Amino acid sequence: ESENKFNSIIKTAVDGIITIDLHGLMEMVNPAAQKLFGYQESELLGRNISMLMPEPDSSQHDGYMERYHRTGIPHIIGIGREVSGLRKDGSVFPFFLSISEVQLVDRKVYTGFVHDITQQKVSEERLRRYA
Ligand code: HEM
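All values derive from a computational prediction rather than experimental measurement. (Residues numbered from 1 in each chain as written. Predicted model: local features only at pLDDT ≥ 70, side-chain atom pairs only at ≥ 80, totals over all residues. Heavy atoms only, no water.)

Enquirer: Honestly, the sheet that holds strand β5 (residues 108-116) in this entry has me stumped. Any pointers?
Expert: What links the strands of a sheet is backbone hydrogen bonding, and the strands pair in either a parallel or an antiparallel sense. Here we have five strands laid out as an open sheet, ordered β2-β1-β5-β4-β3, and antiparallel in their pairing. Single-partner strands in this sheet number two, and they are β2 (26-29) and β3 (81-86). Recorded for the sheet is a direction-independent mean angle of 35° between the axes of neighbouring strands. With three bridges connecting them, strand β1 (residues 16-20) and β2 associate as antiparallel partners. Each residue of the ladder has a partner; that of I20, found in β2, is M26. In this fold helix α4 (residues 57-71) packs onto β1, β4 (92-103) and β5, with an angle of close to 130° to the strand it touches most, β5. (Pairing = 2+ DSSP bridges. Helix = DSSP H or I, 4+ residues; strand = E, 2+ residues; numbered from the N terminus. Axes fitted to C-alpha atoms, helices over the stretch in contact; angles between N-to-C directions. Contact = heavy atoms within 4.5 Å.)

Below, the structure is given as structure tokens:
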């Protein structure tokens, strides 16, 4: 019952929600995230999260994760950051990324929350230019 409740919440969430394993491979991508990045679920599952970001982050993301596993010092987990996402059509968009670490019974996964801030950016730019 509770699992169905959680599934419904994730499925209908406005923000994108993506779960990756310790190697950065996608395990769950909710419909909002599929839509934001322009992919079908089957094109994402099992693939590296780095495919959803432009360079230089794309080439370095495995290294970011490795560094965290080595040092235990997070730079985004529990803090959040504005980053750039790369869509299937090659366009880039800004979003606010929050990451949480989830300890399952036998292993750890990461859940990323993708909050599109394209419109917020457009409004900010307007205010800046016409203020
Ligand atoms: C670390 C970028 C998506 C999980 C980082 C760092 C950057 C970054 C720049 C390192 C920050 C630093 O060392 O200063 C991005 C970009 C994304 C993205 C551009 C766009 C798609 C995700 C998602 C997840 C994730 C969706 C989880 C589902 C992690 C983890 C770390 C990390 C676990 C290491 C821990 C930490 O530094 O807090 N990412 N990331 N990333 N990212 Fe991502």
